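# Working through the structure, step by step
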Amino acid sequence: MGDSKGKIGIVGASGFIGRELVRQAHEVGWEVVGFSRSSRNPGEGVAEWREWSNDPCVSGLDVVVNVAGEGIDKRWSEANKRKFHESRVGVSEVIVGAIRRAETRPKVFLNGTAVGIYGDRGDDLLNEGSAVGSGYLAELCEAWEKAAEPAGELGVRVLLWRTGVVLGCGGAAWEKMSKAFAFGLGGRLGGGQQWMPWIHVEDLVGGMLHMIENDFSGPVNATAPEPERNADFTRKLAKALRRPAIMHAPGWALKLALGGFADALLASQRAMPEVLINSGYQFRFPTLEKALDDLK
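Residues numbered from 1 in each chain as written. Predicted model: local features only at pLDDT ≥ 70, side-chain atom pairs only at ≥ 80, totals over all residues. Heavy atoms only, no water.

## Some remarks on unusual backbone geometry
- A positive phi is found at Glu 44, a non-glycine position, where the angle reads about 55 degrees.
- Unlike most non-glycine residues, Arg 242 shows phi in positive territory, near 55 degrees.
- Of note, Arg 242 is situated in the loop between helix H6 (230–241) and strand S14 (247–249).
- The exposure class of Arg 242 is exposed, given its relative accessible area of 76%. (Helix = DSSP H or I, 4+ residues; strand = E, 2+ residues; numbered from the N terminus. Buried < 20%, exposed > 50% of the residue type's maximum accessible area, 1.4 Å probe, protein only.)

Shown next as C-alpha cells:
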C-alpha cells in the first residue's frame, strides 16, 4: 500500500467509532488490523482480521486502539453493570496481558475511556488534570483507565481517550436525538443547565491519529473546544433540524424511566480539550453549529 505508517490494531473495529477509525487510518497510510470474534475477510480498509479471544495476538502491531465497550444507554441493572465492567475494564486487562506476552510489543496503546470520570461538576472547567469525580460512572471510568496504565510499565506509550457525547451519522447519540426531534419529542433534559461535552466523530478519530503520530501520552479530553449547556444544545439542534423543541423531561421523570442512566444525562461536565488544543490539533468541527450543519 505504498509507504505505510505501520500497523494499527483496532479492538472494536466493526463498531461506530471503529469504522470511522478504520476509514481515516487507511486513508492516511496505516495498515489496519481488526479484531473479531468471528472469521472475517479483509476489505473496506481492513488489511487483516485477527481473532479476538482472552489471549489476542498483538505482536507485530505498532499501535493498539481499544474502542470497544457495551453501551451504557440502558438501565443500570446489576447484570448490565457486569457487562459494562467486563467490556471496559476486562477488555483493557486482556489487551495489557497480550502486550506483556507479545514477542514484539506495540509502541502505543490508546484506550478509549470517557469524560464520565469527572462526575457531576457543575460549572467547573475540567481539563485533563482535574480530579476524578464521584458516582458509579466516575468509578467505572477510573477502573477502566487503571486497567490500561500497566502497559506504560512495559515501555508502551499509553493514551487515555476521555470521550464526550459523540455526534455522527450511525452513532447511537445522534440517531436517538435526531429521531426524537423528527417526531416532535425533542426537548431539554432536567433543568437544562448541565454542560454537555460533545465531539464530532471525525474529530474524535482525527484527534486519535494526531496524538498517536505525535509523542503524547496520558489522559486526553476528546471533546470539542466549545461545550454547550443542554438547553442551548437542544435549541441549536432544533434550529438545525427545523423542528420544535417544546418537550421537557424533568429529572425525576428521567430517573423513574431510566434509573441510574439518568444520572449520566443530567450530569454536568464542562470538559475542555486542553491537551488536544495545545498539541496543535485543528478541529474540523470546533462549534456545534458546524457539526450539526454537517450531520443534518
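## A closer look at the sheet that holds strand S1 (residues 6–11)
- If you walk across this open sheet you meet the seven strands as S3-S2-S1-S4-S5-S7-S12, and the pairing is parallel. Looking at which strands have only one partner, the edges of the open sheet turn out to be strand S3 (46–51) and strand S12 (218–222). On average, each strand axis in the sheet is tilted by 25 degrees relative to the strand beside it, whichever way the strands run.
- Note: strand S2 (residues 30–36) against S3, five bridges, orientation parallel. Note that in S3 the partner of Val 33 across the bridge is Glu 48.
- Across the face of the sheet, helix H3 (residues 136–148) comes into contact with strand S5 (108–114) and strand S7 (157–163) while running at roughly 175 degrees to S5. (Pairing = 2+ DSSP bridges. Axes fitted to C-alpha atoms, helices over the stretch in contact; angles between N-to-C directions. Contact = heavy atoms within 4.5 Å.)

## Some words on the pattern of salt bridges
- Summed over the entire model, instances satisfying the criterion amount to 19 salt bridges.
- Note that Lys 107 is salt-bridged to Asp 62, the shortest N-O span being 2.7 Å. A residue pair is termed long-range when its members are at least 10 positions apart, and Lys 107 in the loop between helix H2 (78–101) and S5 and Asp 62 in the loop between S3 and strand S4 (63–66) qualify at 45 residues.
- Judged by relative accessible area, Asp 62 falls into the buried class, the value being 19%.
- The salt bridge involving Asp 215 is made with Arg 157; its shortest N-O contact spans 3.6 Å. Of this pair, Asp 215 sits in the loop between helix H5 (201–213) and S12 while Arg 157 sits in strand S7, placing them 58 residues apart in sequence.
- You can call Arg 157 buried: its relative accessible area is 18%.
- If you follow the salt bridges from partner to partner, you end up with Lys 7, Glu 48 and Arg 50 in one network. (Salt bridge = Lys/Arg side-chain N within 4 Å of Asp/Glu carboxyl O.)

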